[in-house]
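# Observations on the three-dimensional arrangement
Each chain, letter by letter, is given below.
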Amino acid sequence: MLTPLALLLAVALLLGRGLVWIVNLLVVLPLFDPLRKLPGPTGPFFFSHIQRVVDPDFSATQHEEWKKQYGKTFRYHGSGKFDYRLMTFDLRAVSHILMSSIYQKPRVTRTFLSTMLGKGIFTTEGAEHTFQRKIIGPAFTLQSIKTLTPIFLRTAEELRDKWEGMLSNRQETIDVCHWISRATFDAFGMACLTYNFCSIHGETEELYLAFRRMFDLADKKGILRILIPMLDKIWPDKIARSVLESRQVIYATGRRLISDKKSTILDQKLSSNGPTEKDLLSLLIQSNICNDDSTKTLSDPDLLDQISSFFFAGSDTTALSLSWCLYFLALHPDIQTHLREELTHPTAPPQSSNSEDRAYDVLDSFSLLDSVVRETLRLAPPVHGTLRVATQNDLIPVSEPVVLTNGTVVSPGEHIKIRKGSIIHIPIEGLNFAKDIWSEDALEFRPDRWNSLPPAAQPPHFPGLANLMTFSFGPNSCPGYRFTITEMKAFLSTILPRFTFALPEGQSIGKRNGLFTRPFVRGKSKMGVQLPLIVKRVDECNPA
Ligand code: HEM
């Protein structure tokens, strides 16, 4: 039994330790942080610049302003003046950070994602990540994407027919974001699992609803529960319980799918033709079986976590890119008309969803289509930026001078210091918008820029996958970029010859950033994510 004096001492000790921790965090550590010496914006002690760097309403102009003021490498305040974060537009520094194993995704991001994606690739680092990357590799080869192209085309045809039906019922304004999202989810179900959610026809399928619920709720999770994940274990709220229930549905259905696929693959292995299953899950299972290190394989739940990760990373992002593309085409009717002409020109190769290689090659042959897709991905990257943490002290090389606050100049080829634990913000949108890379009209939708990109936007100067920062680059870059580009082309080539798209009178669309950058109607933000466009049949616009 503690005496009152001992109790008092214990409380005083605890308070003292807490005070030391706070003083250390707010005063001592920042005092010796090398990022303190970097130029950058300032403000009151608890002022945070986070909104300025992540809110698409500010970020585009803010990035350019800071670059003009402080150069390409600077620091801003995260939670307050004591929380220095590095932001850099210097591609030499960006390459160093994205290519080096010293820099990892912040633990809080990984823990948050693991509540949905288990031990999937987004939540691992180091040797485990390298191993998982090797197993998923075969699912994303060019040949694999060619094989999936007819699936994209068939789902696009279903969406086209659905919209035809809606238009014949005199509906004119369609929330393209909602419908494309349903369609791309269906395409994903078929491409990943050979599993038809049929969500274009009704949102009732159990596995579909489980994925949807899980991802929608993740976007709504409160910051406190993201920062203190233990809360979900001790006192799960509605969101945590719902995510858990969704995962149970995914595991139950997924286990059945895996078991069926494994027996099909083994049966086919015994036949003379070998395995013919081409969906991403089957390719993962085959890659896992053929893995040369037989002591290390992915378990069935691990395989499902990879599939959940693909759904999370690939379905909404592709749907958003397609929606933004229709929005840009609605804003630029002349480009929309040219693209439709390219796709329907008498000399255009006929499309067929029956032949794998041919379907891909036909899509690949449309040059304006390619430029429109790339320009959309540049101007509306669904992932606005990404964070890394330095896991040890390091020196980051720069290719442009950095003038430190004490007047010292870090010259090109020299290094800036970074301390273990510091956070680095890679501005994906910012690098896609940079005027010194893309030229003065970088904020304009100009697909023709892809006919002759400025040298700064080409390799080796610009290292991003597909000539964009949208998919990042390096060991953690997006393996799904070909998947997205091909799916976007398949959908556009199917729906554009049939429909025209225009903006409703007086409607203004804004961008909102959560997990991904999504559209909303200004003045109606309470109605949530939406992108209503006026959709008309082409033959009604140009009656013969
Ligand atoms: C417009 C569409 C897409 C965008 C903008 C996008 C963007 C990205 C970005 C920026 C990363 C790196 C994240 C980071 O380093 O913090 C990433 C990683 C990833 N993406 Fe995508 N992605 C898209 C589509 C897809 C698709 C279709 C798939 C799968 C079919 C996919 C699967 C993945 C996976 C598995 C990773 C993790 C890679 C790793 O950690 O090694 N993505 N994506």
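Residues numbered from 1 in each chain as written. Predicted model: local features only at pLDDT ≥ 70, side-chain atom pairs only at ≥ 80, totals over all residues. Heavy atoms only, no water.

Further remarks concern a nonpolar patch on the surface. A surface patch of nonpolar side chains, about 880 Å² in accessible area, is lined by Val-108, Ile-223, Leu-224, Leu-227, Ile-228, Met-230, Ile-234 and Trp-235. Only helix 10 (223–227) and helix 11 (230–234) provide two or more residues apiece to the nonpolar patch. Here the element with the most residues in the nonpolar patch is helix 10; it accounts for 3 residues. When you line up the elements, Leu-227 lands in helix 10. (Patch = residues over 30% accessible without salt bridge, like charges linked within 9 Å, V, L, I, M, F, W, Y side chains within 5 Å. Areas by Shrake-Rupley, 256 points an atom, 1.4 Å probe, with all protein chains shown as cover. Salt bridge = Lys/Arg side-chain N within 4 Å of Asp/Glu carboxyl O. Helix = DSSP H or I, 4+ residues; strand = E, 2+ residues; numbered from the N terminus.)

This next bit is on the coordination of the iron atom of the ligand. Reference geometry at the metal: tetrahedral coordination by four donors gives ideal angles of 109.5 degrees; octahedral coordination by six donors gives 90 or 180 degrees. What the protein offers the iron atom of the ligand as a donor is a single atom, Cys-478 (SG), at 2.3 Å. Counting through the fold element by element, Cys-478 comes out in the loop between helix 19 (435–438) and helix 20 (481–495). (Donors = N, O, S within 2.8 Å, 3.2 Å for Na, K, Ca; no water.)

Right, let's get into the sheet that holds strand 5 (residues 386–390). Here 5 strands make up an open sheet; going across it, the order is 1-2-10-5-3 and the pairing mixed. On the outer flanks of this sheet lie strand 1 (73–77) and strand 3 (103–104), each paired with one strand and no other. As paired elements, strand 5 and strand 10 (residues 423–426) share 4 bridges and run antiparallel to each other. Along strand 10, the bridge assignment pairs Val-389 with Ile-423. (Pairing = 2+ DSSP bridges.)

Glancing now at the packing of aromatic side chains. Each aromatic ring pair is summarised here by two numbers: the centre-to-centre distance and the angle between the ring planes. Under the defined criterion, the tally for this structure stands at 30 aromatic pairs. Aromatic side chains Phe-188 and Phe-483 sit 5.1 Å apart centroid to centroid with 50° between the ring planes, which places their arrangement in the tilted category. Here Phe-188, found in helix 8 (residues 176–193), pairs with Phe-483, found in helix 20; they are 295 residues apart in sequence, far enough to count as distant. Where Tyr-327 meets Phe-328, the ring centres are 5.7 Å apart and the plane angle is 50°; that geometry is what we call tilted. For the pair formed by Tyr-327 and Phe-328, the shared burial category is buried. (Phe/Tyr/Trp six-rings, centres within 6.5 Å; stacked < 30°, edge-to-face > 60°. Buried < 20%, exposed > 50% of the residue type's maximum accessible area, 1.4 Å probe, protein only.)

Another point: the layout of surface pockets. Computed from the structure, the second largest pocket encloses a volume of approximately 530 Å³. Around the second largest pocket, the lining comprises 22 residues; the ones closest to its centre are Asp-216, Asp-219, Asp-316, Arg-518 and Val-529. For the lining of the second largest pocket, the elements supplying multiple residues, two or more each, are helix 8, helix 9 (206–218), helix 14 (300–331) and strand 12 (509–513). (1 Å grid on protein atoms, 1.4 Å probe; cavity = no way out; pocket = protein on both sides within 12 Å on 5 of 7 lines; lining within 4 Å. Points joined across faces, edges and corners; volume = space filled by probe spheres on them.)

Turning our attention to the packing of helix 14 against helix 17 (residues 367–379). At their nearest, the axes of helix 14 and helix 17 sit 9 Å apart, and the two run at 105° to each other. Compared by their axis directions, helix 14 and helix 17 come out roughly perpendicular. Contact residues: Ser-321, Trp-324, Cys-325, Phe-328 and Leu-329 in helix 14; Val-372, Thr-376, Leu-377 and Leu-379 in helix 17. Within the contact of helix 14 with helix 17, the residues separate by chemical class into 7 nonpolar, 2 polar and no charged. (Axes fitted to C-alpha atoms, helices over the stretch in contact; angles between N-to-C directions. Parallel < 35°, antiparallel > 145°, perpendicular 65-115°, else oblique. Contact = heavy atoms within 4.5 Å. Nonpolar A, V, L, I, M, F, W, Y, C, P; charged D, E, K, R; others polar.)

Before going further, it helps to spend a moment on the nonpolar core. If you look at the biggest cluster of nonpolar residues, it comprises 152 residues, and the most contacted ones within it are Trp-163, Val-176, Phe-311, Leu-326 and Phe-501. The greatest single-element share of this core, amounting to 16 residues, is contributed by helix 14. Beyond its immediate chain neighbours, meaning those up to four positions away, Trp-163 contacts Ile-174, Val-176, Trp-179, Ile-180, Leu-326, Ile-495, Phe-499 and Phe-501. (Core = buried A, V, L, I, M, F, W, Y, C linked by side-chain atoms within 4.5 Å.)

Before going further, it helps to spend a moment on the pattern of salt bridges. In total, this model carries 31 salt bridges according to the counting rule given. Between Asp-57 and Arg-522 there is a salt bridge whose closest N-O contact spans 3.1 Å. A residue pair is termed long-range when its members are at least 10 positions apart, and Asp-57 in helix 3 (residues 56–70) and Arg-522 in the loop between strand 13 (517–521) and strand 14 (532–537) qualify at 465 residues. Across the salt bridge formed by Asp-441 and Arg-446, the nearest N and O atoms sit 2.3 Å from each other. For Arg-446, a relative accessible area of 28% corresponds to the partly exposed category. One connected set of salt bridges, linked through shared partners, spans Glu-375, Arg-378, Asp-441, Arg-446, Asp-448 and Arg-449.

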